[in-house]
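# Coordinate analysis (summary)
Chain by chain, the residues:
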Amino acid sequence: MRYCRCRQAGKQAVPVFISAAQWLQAGAFALAYLLLCGLCLRVRDAQRPAAAAGATLIAYASQGGSARKLAQRHAETLARRGPVTLLALNQVQAADLENAHLALFIASTYGEGEPPDNALRFARLWLRGGGQDGAALSRLHYAVLALGDSEYRQFCGFGLALDRGLRERGARPMFAPQTVDRLDDRALVEWQNRLLENAVLESGETVVDGAGQGARLPATVLDRRCLNAGSPGAGVYHLRLGLPPGVDWRAGDIAVLDIPREGPEGPVQREYSIASLPSDGALELLVRQVCKDDGSFGVGSGWLTRQLPMGGELALQVRDNPAFHPPPPERPLILVGNGTGIAGLRAHLRARVQVGAHANWLLFGERTRAHDRLFDDELAAWLGSGHLQRLDRVYSRDNEPLRYVQDALAAQQQELQAWLARGAAVFVCGSLEGMAPAVHRLLLEILGERGLEDLSLEGRYRRDVY
Ligand SMILES: Cc1cc2nc3c(=O)[nH]c(=O)nc-3n(C[C@H](O)[C@H](O)[C@H](O)COP(=O)(O)O)c2cc1C
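As annotated in an unreviewed UniProt entry, the protein chain carries the name NADPH--hemoprotein reductase and comes from Parahaliea aestuarii.

Take a look at the structure:
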């Protein structure tokens, strides 16, 4: 029988790759098929334990969606030959590991060498000493594909820690963890080759083609404005980009822009949270100019805010980011962010307005009230229309008692508890340095480690931080 079980945070198991006709066919041929499979797998078992019978577990740890997408691609290919269980790492139970003969872990790294949110629980249970008493994984053959970015000190830190933790518990690596720098296609092909060598894949099967390179769309600059002239901070530019008709995305999705460079190396990619919805008629971004000590500008922000002319063209890709997609309309939503993080939060607010959801609370931090009231008119209009029930803005350079969003949140703990008790989700978008860890610490203080983990597992604590 060919199926893939898919479980994600807060969702029920969802069968995929099955049609009614396939079920009927499968029923008719089940006995013969199983007999044949059993025979084949016993033969292959004896030769190569990596391709053993039983479900193949594919587990992913992903914040931005790349590892998840790759994991889905693996599941699609492998489900053609046998049962596959596709899970976010937090959803993996002891039994999943003990029953699977073969597991593929596809894990990205966040923070400074830390797990993505959808792997925090797994890391606590399986990788931080103790936990999962006596769980013996000696039957488990596995491989780790570790996604990362070599500009970070802890390159692929979480994927490598995952590999160490599994080995310490007796699991058997089929080969050393494959690290991948910025979705480099060569490293992905190496991984695919390892899977072929270990008979996880059969000749002709692919799991990574095009993984690093999605379809590019032509975009045109329709408008570009500086939103914070006079600010002590660097310029924040609001770009409106025209796309071909029919391009779709959701609040929380990410635009990956190709930034042209001189020389043979070709363009570099820069990612931005999308600040608009398709119904706005343009894909909107906020770009903060990066000004270096020598007076030069960052490669991406310099090109986008200074060189690219009005009407100019660029190539971009819209990346699905389900970890930051909107919660159901009936769920109250607390949006927390700073700086250009308002981009992702604004897309959420627009989506909430579209579905008529009013229980929205925005806490937003910038530098000065005089110059950094990003999207002030819109926020005022939503306050007026009741689409924004609470708006707390704090300015770090104005010598006011509350400087940062975490201070504003801490000052309103009772209100926060009341919203959480009503089932609110907390969505955080903005700086990884300072804001996001401080908000995280505050939530840990209020809810405790388990409480925050549960919130995350229920899809009620989501972060898009950079
Ligand atoms: C805020 C942030 C922190 C990151 N920290 C690390 C890190 O410490 N080490 C690393 O190798 N890569 C790091 N990365 C890179 C990601 O692991 C890499 O982009 C990966 O492909 C993302 O996969 P995903 O989309 O599945 O989450 C970081 C990326 C972001 C945005």
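### A look at unusual backbone geometry
Of note, the phi angle at L183 is positive, near 55 degrees, even though the residue is not glycine. Take L183: it is sitting in the loop between β8 (178-181) and α6 (185-197). L183 gets classed as partly exposed once you look at its relative accessible area, which sits at 24%. Of note in the backbone geometry, F375 takes a positive phi value of approximately 55 degrees without being a glycine. Of note, F375 is situated in the loop between β16 (360-366) and α9 (376-385). Judged by relative accessible area, F375 falls into the buried class, the value being 12%.

### What to know about the sheet that holds strand β17 (residues 390-395)
Read across the open sheet, the 5 strands follow the order β17-β16-β15-β18-β19; overall the sheet is parallel. Pairing within the sheet leaves two strands with one partner each, and these edge strands are β17 and β19 (461-465). The mean inter-strand angle of the sheet, taken between neighbouring strand axes irrespective of direction, is 10 degrees. Note that strand β18 (residues 425-430) and β19 share 5 bridges and pair parallel. Paired with F427 across the two strands is R462, which belongs to β19. Packing against the sheet, helix α8 (residues 342-354) makes contact with β15 (333-338), β16 and β18, and its axis sits at approximately 155 degrees to β15. Helix α11 (residues 413-421) rests against β15, β16, β17 and β18 of the sheet, and its axis sits at about 140 degrees to β16.

### A few points about the sheet that holds strand β12 (residues 268-273)
With antiparallel pairing, the 6 strands of this open sheet are ordered in space as β12-β11-β14-β9-β10-β13. Pairing within the sheet leaves two strands with one partner each, and these edge strands are β12 and β13 (283-288). Geometrically, the sheet is characterised by an average inter-axis angle of 40 degrees between neighbouring strands, direction not taken into account. Sheet topology places strand β11 (residues 254-259) next to β12; 6 bridges connect them, and they run antiparallel. Residue pairing in the sheet places A255 in a bridge with Y272 of β12.

### Remarks on the packing of aromatic side chains
All chains considered together, the criterion is met by 5 aromatic pairs. Consider the rings of F324 and F427, whose centres lie 5.1 Å apart with planes at 35 degrees: the pair is tilted. With F324 in the loop between β14 (313-319) and β15 and F427 in strand β18, the pair connects residues that are 103 residues apart, well separated along the chain. In this pair, the class of F324 matches that of F427, namely buried. With 5.5 Å between their ring centres and 55 degrees between their planes, W361 and W419 make a pair best called tilted. Linking W361 in strand β16 with W419 in helix α11, this pair joins segments that are 58 residues apart in sequence. For the pair W361 and W419, a shared accessibility class is recorded, and that class is buried.

The rules we used
- Each chain carries its own residue numbering, running from 1 in the direction its sequence is written.
- Since the coordinates come from a predicted model, pLDDT governs what is reported: local features require at least 70, and pairs of side-chain atoms require 80 or more to be given and counted, while whole-chain, interface and lining totals use all residues.
- Side-chain metrics in this entry use all non-hydrogen atoms of the structure; hydrogen atoms and water are not considered.
- Helix and strand definitions here come from DSSP, where helices need a minimum of 4 consecutive H or I residues and strands a minimum of 2 consecutive E residues; each element is numbered from the N-terminal end.
- The classification of residues rests on relative accessible area computed with a 1.4 Å probe and restricted to protein chains. Under 20% of the type maximum is buried, over 50% is exposed, and intermediate values are partly exposed.
- When DSSP finds two or more bridges between a pair of strands, those strands are recorded as paired.
- Every angle, taken between N-to-C directions, lies between 0 and 180 degrees, and every axis is a line fitted to C-alpha atoms, over only the stretch in contact when it is a helix.
- The contact rule is simple, with two residues in contact once any of their heavy atoms fall within 4.5 Å.
- Any two of the Phe, Tyr and Trp rings considered here, Trp counted by its six-membered ring, make a pair once their centres fall within 6.5 Å; the pair's planes then place it as stacked at under 30 degrees, edge-to-face at over 60, or tilted in between.

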